[in-house]
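# Survey of secondary and tertiary structure
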Amino acid sequence: MPEGPELFLTSQYINNMCGGLIFSGRVEKSQVSKNSDVPFESEEYLISATSRGKELKLTLTPVKWGNSPSCKEQDCGSQGPKGGQEPMGLIFRFGMSGSFKMTLAAEIPKHAHLRFYTKESPPRALCFVDVRRFGGWEVDGSWQPNRGPCVMLEYEKFRENVLKNLSDKAFNRPICEALLNQKFFNGIGNYLRAEILYRLKIPPFEEARTVLESLQHREQSSATTLSKKVKLKRENPDLLELCHMVPMEVVRQDGKGYNPDSSADSAAFEEWLQCYSVPGMNSLCDANGRTIWFQGEPGPLAPKGGKQRKKRSKTKADPEGSSPKVTKSGARKNLKTGTYQEAADGTRGRKKKGKPAQEKTEDAGGTSARNPNTRARRKAIASQESPAVVSVAESRKRRSSARKDTATAAAAPRSRRVKVK
DNA sequence: CGTCCACGTCTAC
DNA sequence: TAGACCTGGACGG
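Residues numbered from 1 in each chain as written. Chains lettered and ligands numbered in written order. Predicted model: local features only at pLDDT ≥ 70, side-chain atom pairs only at ≥ 80, totals over all residues. Heavy atoms only, no water.

Where an unreviewed UniProt entry is consulted, chain A appears under the name Endonuclease 8-like 1, with the organism given as Eublepharis macularius.

Another aspect to go through is the overall build of chain A. Scanning chain A for helices and strands turns up 15 helices and eleven strands. When burial is assessed residue by residue, chain A has 48% of its 421 residues classed as buried. Once local pairs closer than 6 in sequence are excluded, the contacts in chain A between residues at least 24 apart make up 69%. (Helix = DSSP H or I, 4+ residues; strand = E, 2+ residues; numbered from the N terminus. Buried < 20%, exposed > 50% of the residue type's maximum accessible area, 1.4 Å probe, protein only. Contact = heavy atoms within 4.5 Å.)

What follows concerns the sheet that holds strand 6 (residues 98-104). The strand order across the open sheet formed by four strands is 2-7-8-6, and the pairing between neighbours is antiparallel. What marks the edges here is a single partner per strand, and that holds for strand 2 (28-29) and strand 6. Lying over the sheet, helix 1 (residues 4-18) contacts strand 6 and strand 8 (124-130), oriented at roughly 20 degrees with respect to strand 6. (Pairing = 2+ DSSP bridges. Axes fitted to C-alpha atoms, helices over the stretch in contact; angles between N-to-C directions.)

Turning next to the pairing of strand 4 (residues 55-62). Across eight bridges, strand 3 (residues 41-52) lies against strand 4 in antiparallel orientation. Considered in strand 4, the bridge of Leu46 is made with Thr61. As consecutive antiparallel partners, strand 3 and strand 4 are separated by two residues, and within that stretch Gly53 has a phi angle of approximately 55 degrees, a positive value. In the sheet, strand 4 pairs with strand 5 (residues 88-93) via six bridges, with the strands oriented antiparallel. Each residue of the ladder has a partner; that of Thr59, found in strand 5, is Gly89.

Right, let's talk about the confidence of the model for chain A for a bit. Mean pLDDT over chain A works out to 75, with 65% of the residues at or above the 70 mark. Here helix 11 (residues 329-335) is the element of chain A with the lowest mean pLDDT, 27, and strand 7 (residues 112-117) is the one with the highest, 99. For residues 70-79, every residue scores under 50 in pLDDT, and the model assigns this stretch 14 contacts once sequence neighbours within four places are set aside. Across residues 306-421, confidence stays below pLDDT 50; counting only partners more than four residues off in sequence or on other chains, it has 130 contacts. (pLDDT = per-residue confidence, 0-100.)

A few words now on the pattern of salt bridges. Counted according to the given criterion, the structure contains 16 salt bridges. The partner of Glu154 in a salt bridge is Arg52, with the nearest N and O atoms 3.1 Å apart. Residue Glu154 is located in the loop between strand 9 (136-138) and helix 3 (155-163), and its partner Arg52 is located in strand 3; the two are separated by 102 residues in the primary sequence. Residues Glu207 and Arg209 are paired through a salt bridge, measuring 3.8 Å at the closest nitrogen-oxygen approach. Owing to a relative accessible area of 23%, Glu207 belongs among the partly exposed residues under this scheme. By relative accessible area, which is 15% here, Arg209 ends up buried. A cluster of three or more residues bridged by salt bridges with shared partners is formed by Glu43, Glu44 and Lys119. (Salt bridge = Lys/Arg side-chain N within 4 Å of Asp/Glu carboxyl O.)

The next point concerns unusual backbone geometry. Of note in this structure, Lys201 is not a glycine but carries a positive phi near 55 degrees. Within the fold, Lys201 resides in the loop between helix 5 (190-200) and helix 6 (208-220). Positioned with a positive phi, Ser277 is a non-glycine residue whose angle comes to about 65 degrees. Note that Ser277 resides in the loop between helix 9 (263-272) and strand 10 (282-285).

A separate point is the nonpolar core. Within the largest apolar cluster, 51 residues are counted, with the highest numbers of intra-cluster contacts made by Val162, Phe171, Ile175, Phe185, Leu212, Leu239 and Leu240. Elements represented by at least two residues in this core include exactly helix 1, helix 3, helix 4 (175-178), helix 5, helix 6, helix 8 (239-252), helix 9 and strand 11 (291-294). Two domains each donate at least three residues to this core, and these are domain 2 (155-272) and domain 3 (282-421). Listed in part, the 26 residues of the second largest apolar core include Met88, Phe92, Phe100 and Leu114. (Core = buried A, V, L, I, M, F, W, Y, C linked by side-chain atoms within 4.5 Å. Domains from an automatic or database assignment.)

Its place among the elements puts Leu21 in the loop between helix 1 and strand 1 (23-26). For Leu21, a relative accessible area of 11% corresponds to the buried category. The spacing of Leu21 and Leu46 is 25 residues in sequence and 6.5 Å in space, taken between C-alpha atoms. Once residues lying within four places of it in the same chain are set aside, the contact partners of Leu21 are Tyr45, Leu46, Met102, Thr118, Glu120 and Arg124.

Attention now moves to the sheet that holds strand 4. With antiparallel pairing, the five strands of this open sheet are ordered in space as 1-3-4-5-9. The open sheet is flanked by strand 1 and strand 9, the only strands paired with a single partner. Pairwise comparison of adjacent strand axes, ignoring direction, gives a mean angle of 40 degrees for this sheet. Both strand 5 and strand 9 contribute to a ladder of three bridges, which runs antiparallel. Bridging across to strand 9, Phe92 finds its partner in Trp137. In this fold helix 1 packs onto strand 1, strand 3 and strand 4, with an angle of close to 150 degrees to the strand it touches most, strand 3.

This is the structure:
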């Protein structure tokens, strides 16, 4: 569940579940986790949480610790009353799959890599669950220094940090890539960047500086009266305002954003998405291998066909032709399709790792042409929201066929929309 | 069964 | 700027 809104919602979940709850004992780490041990132990302690962009801080506070004024500087410097222990701050990053969950201690979920036990009678446990283990924690307690202000909770600072640093080379990048730079956009992730750019129909591969410089002007001139400015802002939010507002929309939705655990929530979330992974939208792989979803033109800095070839060549230097056989048509087949996607994506495919040689043949490429018709058609399909017009079955069928046409995965969200049906 | 894909960083060539 | 790091769901054959 990991972009800014999910981290924030998780902090609320923790505070709601743990307010007034007494935890006890030590903090337990799974055998498999490579993260550091958490050297905290207390007979009675409380847990609270806060978030900042894509980080979440847990504070463990021994009940007897600093609550009474007398205890403050005196005992605690060394040892608190109960063998005590000072409050500890833990910073979590969620990677691709981190989340927190409160369960019965007897029912610790799979992939729960850090566990905090309550003192209740059937004890419960607050668990940091992370299937892929890209997430982790630091006992240090301070926000990662190279990450910028939170787009949701420190909006003014966030905005200033961006506008005062437009000379930074980070803004040489396409706007879609800059939006993932946590030094400036702490909390924005892959679905948010797509949704944000989509609201303004900004081509994802327009240069970030170009897009953002235009905001400075607006900053000054523009409306005369204050009320006019306020109104203008509300009705025509600029890119940076949307970096705050769009994540806040997710928070306002009841469910928990990207949460695969709750089918109700995930259905609502998918319904909320206007662009990311939506059938009919275009998608391309950015320079970091991440898929950007968008509508309309990709923009001037879009990866060229050459780029895909590059990867290809890397694998094996043979641009076209040479190894026709290898083909692994399967793999490439997908890519193909005719949309921008395919055009660009040859590359994307994989960052495979472990296995060296492998096949890869890339090829497939020949067909890079992009087919506007196809795209348009898909879009149209996507837009038919009203069931009334088309039967569910029919619409489903069309979607799937569209998917097939485009061949690939890329274009089609495979599961998602289809699943929702 | 195998391939592709996923809400994100990190760090080594 | 490629991989590395991981698990598992959806698909295709």
